Amino acid sequence: MNDRTRVQLTVNGQREQVEVEPRALLADVLRDQLGLTGTHLACEHGVCGACTVLIDGEAARSCLVFAVQAEGASVTTVEGLTPPDGLSPVQEAMRDCHGLQCGFCTPGIVVSMTAYLDTHPNPTDAELRDAMSGNLCRCTGYQGILAAARQAADRMSASS
Amino acid sequence: MKPSQFQHHAPEQIDEVVGLLAEYGDDAKVLAGGQSLIPMMALRMAAYPHLVDIARVASLSTISASAGAVRVGAMVRQSRAERDASVAKVPLLAKAIPHIGHFQIRSRGTVGGSIAHADPASELPAVALALDARIEATGPGGVRHIDASEFFLSTWQTALDDGEILSAVEFPLWGANSGFAVEEIARRKGDFALIGALAGVTLDGARVARACITMIGVGSTPIRCHDAEAALIAGGADTDLDDIGRIAAAPLTPADDVHASAEYRQHVSPAIVRRALTAALKEARS
């Protein structure tokens with residue numbers, strides 16, 4: 001039962017091959033085997049959103065996906081959303097609007113916000129509150145996060 | 001908070017799925033989107049030596065519309081159903097999906113998985129029950145259909161036999177002049193509803209010709225409110241929807257839990273039914 005399975009997947013545009021136990025979570029494989037420690041794990045049962053990544057372009061909890069389920073998938077982590085130089089519009093907005101304090105939840109928030117704004121270019125404030133409700137933060141009180149979502153939405157739609 | 005060990009099977013044909021379920025019996029569990037199963041495994045509330053992953057069975061990921069119904073394959077992910085033109089013909093289903101968890105959950109969670117999981121607080125079992133959906137089960141003896149009214153037995157318990165897999169759900173289409181609504185009370189968007197009501201109506205002039213009312217979070221299964229439906233149909237155009245809500249709530253015996261007391265759930269039941277009916281009627285009239 002400890003047999004390891006070979007999984008091939010694309011992570012941040014790069015083809016990867018890993019040998020994993022079937023029970024290995026995608027989050028753990030990203031962190032421990034591929035060294036992508038930007039993806040954070042907190043609750044490990046799908047509630048907090050810290051481990052959010054993109055799987056085939058859609059935001060998903062990497063703690064609720066076994067790596068074996070990601071065979072053939074294209075995964076994007078927060079590292080993959082970061083431009084080679086500087087910050088993405090969402091990351092910039094998080095910095096500008098004090099959308100983080102300790103930063104532990106930030107990668108999941110950046111991934112969720114990026115995914116949402118990619119498909120919802122002109123959200124209302126109420127929609128942004130709903131969209132960000134799947135990511136828990138224990139320090140900012142959320143207002144900074146929502147302000148960042150607003151700024152990112154406005155700047156991204158203005159530049160597109 | 002890590003699942004226990006298991007062997008992963010990834011068949012590509014439904015026959016292989018059925019074969020694996022027969023071979024491993026109680027030691028095997030079907031893995032669809034995993035958005036309920038994996039947390040339960042992480043919390044060690046569930047452990048299975050064998051998981052039969054159905055994601056690669058292409059025939060389970062189809063959506064097809066016929067004259068009378070839309071058939072949704074078990075592995076159709078909720079985010080896809082949310083955007084699908086055929087699913088849009090089943091407005092109650094389309095309206096219920098955004099209430100499920102968060103978009104990061106719906107991207108993986110499946111229509112069939114949610115219905116087979118049969119959580120009494122979840123939306124899709126209630127949609128199936130409200131619309132008199134037919135559950136398609138595939139097992140060693142072939143395919144059979146189970147009426148939604150006979151499918152949900154208790155919390156996480158369904159009429160699926162050992163060795164059967166829920167392979168699709170057929171949602172009947174309602175005619176013109178219909179309206180549908182989903183109303184929930186939850187602490188936060190995306191949380192499990194403390195209580196919820198799903199309603200559908202078809203109007204014949206000002207008269208309600210057809211109605212469905214189903215509640216969630218008030219028992220060990222979603223609950224269809226037949227008496228309230230009959231009262232709504234029997235009543236005239238000026239039926240007091242508060243009365244219908246009270247009829248719906250009268251037989252309910254909701255439970256206490258850490259999120260809400262039984263008394264609270266009982267208290268808000270008529271109001272949530274009224275809200276759902278008001279919205280459904282408004283849509284039917286428009």
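Residues numbered from 1 in each chain as written. Chains lettered and ligands numbered in written order. Predicted model: local features only at pLDDT ≥ 70, side-chain atom pairs only at ≥ 80, totals over all residues. Heavy atoms only, no water.

Trainee: Would you mind going over the side chain of His50(B) in detail, with residue names and values included?
Mentor: Along the polypeptide, His50(B) turns up in strand E3 (residues 50-53). Residues in contact with His50(B), not counting those within four places in the same chain, are Phe6(B), Gln7(B), His9(B), Tyr24(B), Asp27(B), Ala28(B) and Lys29(B). (Helix = DSSP H or I, 4+ residues; strand = E, 2+ residues; numbered from the N terminus. Contact = heavy atoms within 4.5 Å.)

Trainee: Tell me about the packing of aromatic side chains, residues and numbers included.
Mentor: Residue and element names in this part refer to chain B. Taken as a whole and assessed by the stated rule, the structure comprises 4 aromatic pairs over all chains. On the basis of an interplanar angle of 90 degrees and a centroid distance of 5.1 Å, the ring pair of Phe-151 and Phe-152 is categorised as edge-to-face. By the burial criterion, Phe-151 is buried, and Phe-152 matches it. (Phe/Tyr/Trp six-rings, centres within 6.5 Å; stacked < 30°, edge-to-face > 60°. Buried < 20%, exposed > 50% of the residue type's maximum accessible area, 1.4 Å probe, protein only.)

Trainee: Hey, could you go over the interface of chain B and chain A for me, with residue numbers and the actual values?
Mentor: In this assembly, 32 residues from chain B lie in contact with 33 residues from chain A. When the two sides are added together, the surface that chain B and chain A hide from each other amounts to roughly 2700 Å², 58% of it contributed by carbon and sulfur. Run the count over chain B and chain A and you get 3 salt bridges. Residue Asp28(A) is joined to Lys2(B) by a salt bridge in which the shortest nitrogen-to-oxygen separation is 2.6 Å. One can count 12 residue pairs in polar contact (both at pLDDT 80 or more) joining chain B with chain A. Here the side of chain B that touches chain A takes 4 residues from helix H2 (residues 37-42) of chain B, the largest share from any one element. When its residues are assigned to classes, the side of chain B that touches chain A shows 14 nonpolar, 11 polar and 7 charged. (Buried area = accessible area lost by both parts, 1.4 Å probe. Salt bridge = Lys/Arg side-chain N within 4 Å of Asp/Glu carboxyl O. Polar contact = N/O pair within 3.5 Å; in protein donor to acceptor, adjacent residues only side chain to side chain. Nonpolar A, V, L, I, M, F, W, Y, C, P; charged D, E, K, R; others polar.)

Trainee: Go over the domain arrangement of chain B with me, naming the residues and quoting the values.
Mentor: Residues and elements named next belong to chain B. As far as domains go, chain B holds domain 1 (7-53), domain 2 (62-172) and domain 3 (178-285). Taking only C-alpha atoms, the centre of domain 1 and the centre of domain 2 are 18 Å apart. Contact residues are listed per partner, giving 12 residues for domain 1 and 18 residues for domain 2. Carbon and sulfur atoms make up 78% of the surface buried where domain 1 meets domain 2, a total of about 1000 Å² over both sides. Looking only at domain 1, the three residues that lose the most surface to domain 2 are Val-18, Ala-32 and Gln-35, adding up to 41% of its buried area. Between the two partners, domain 1 and domain 2, sit 0 salt bridges. Joining domain 1 to domain 2, the criterion identifies 0 residue pairs in polar contact (both at pLDDT 80 or more). Looking at the side of domain 1 that touches domain 2 element by element, the count peaks at 4 residues for helix H1 (residues 14-24). (Domains from an automatic or database assignment.)

Trainee: Please give an account of the environment of Ala116(B) that cites residues and values.
Mentor: All names here are of chain B. Relative to the assigned elements, Ala-116 resides in helix H6 (residues 111-117). For Ala-116, a relative accessible area of 28% corresponds to the partly exposed category. In this structure the C-alpha to C-alpha distance between Ala-116 and Phe-180, which are 64 residues apart in sequence, comes to 23 Å. In this structure, Ala-116 is in contact with Phe-151, Thr-158 and Leu-166, ignoring residues within four places of it in sequence.

Trainee: Explain the sheet that holds strand E4 (residues 58-61) of chain A to me, using residue names and the numbers behind them.
Mentor: All names here are of chain A. Taken together, the 5 strands give an open sheet; going across it, the order is E2-E1-E5-E3-E4, and neighbouring strands pair in mixed fashion. Each edge of the sheet is formed by a strand with only one pairing partner; in this case those strands are strand E2 (14-20) and E4. On average, each strand axis in the sheet is tilted by 40 degrees relative to the strand beside it, whichever way the strands run. Here strand E3 (residues 52-55) pairs with E4 via 4 bridges, running antiparallel. Bridged to Leu-54 within E4 is Ala-59. Contacts from helix H4 (residues 106-119) reach E3 and E4, with the element oriented near 40 degrees to E3. (Pairing = 2+ DSSP bridges. Axes fitted to C-alpha atoms, helices over the stretch in contact; angles between N-to-C directions.)

Trainee: Before we move on, could you go through the sheet that holds strand E6 (residues 134-139) of chain B and cite the residues and values that matter?
Mentor: Residue and element names in this part refer to chain B. The strand order across the open sheet built from 5 strands is E4-E5-E10-E6-E7, with neighbouring strands paired in antiparallel fashion. Where the open sheet ends on each side, the last strands, each with one partner, are strand E4 (63-65) and strand E7 (142-147). Strand-to-strand twist of the sheet, defined as the mean angle between neighbouring strand axes without regard to direction, takes the value 20 degrees. Here E6 runs beside E7; their pairing, made up of 6 bridges, is antiparallel. By the bridge assignment, Ile-135 is partnered in E7 with Ile-146.

Trainee: With reference to specific residues and values, describe the packing of H4(A) against helix H6 (residues 143-159) of chain A.
Mentor: In a packed pair of helices, the relevant descriptors are the angle between the two axes and the axis-to-axis distance. Residue and element names in this part refer to chain A. At a minimum axis separation of 11 Å, H4 and H6 run at an interaxial angle of 40 degrees. By the angle between their axes, H4 is oblique relative to H6. Crossing geometry of H4 relative to H6 is assigned as right-handed. Contacts between H4 and H6 involve Ile-109, Met-113, Leu-117 and Asp-118 on the former and, on the latter, Ile-145, Ala-148, Ala-149, Ala-152, Ala-153 and Met-156. The residue makeup of the contact of H4 with H6, split by class, is 9 nonpolar, no polar and 1 charged. (Parallel < 35°, antiparallel > 145°, perpendicular 65-115°, else oblique. Left-handed = near helix turned anticlockwise from the far one by under 90°.)

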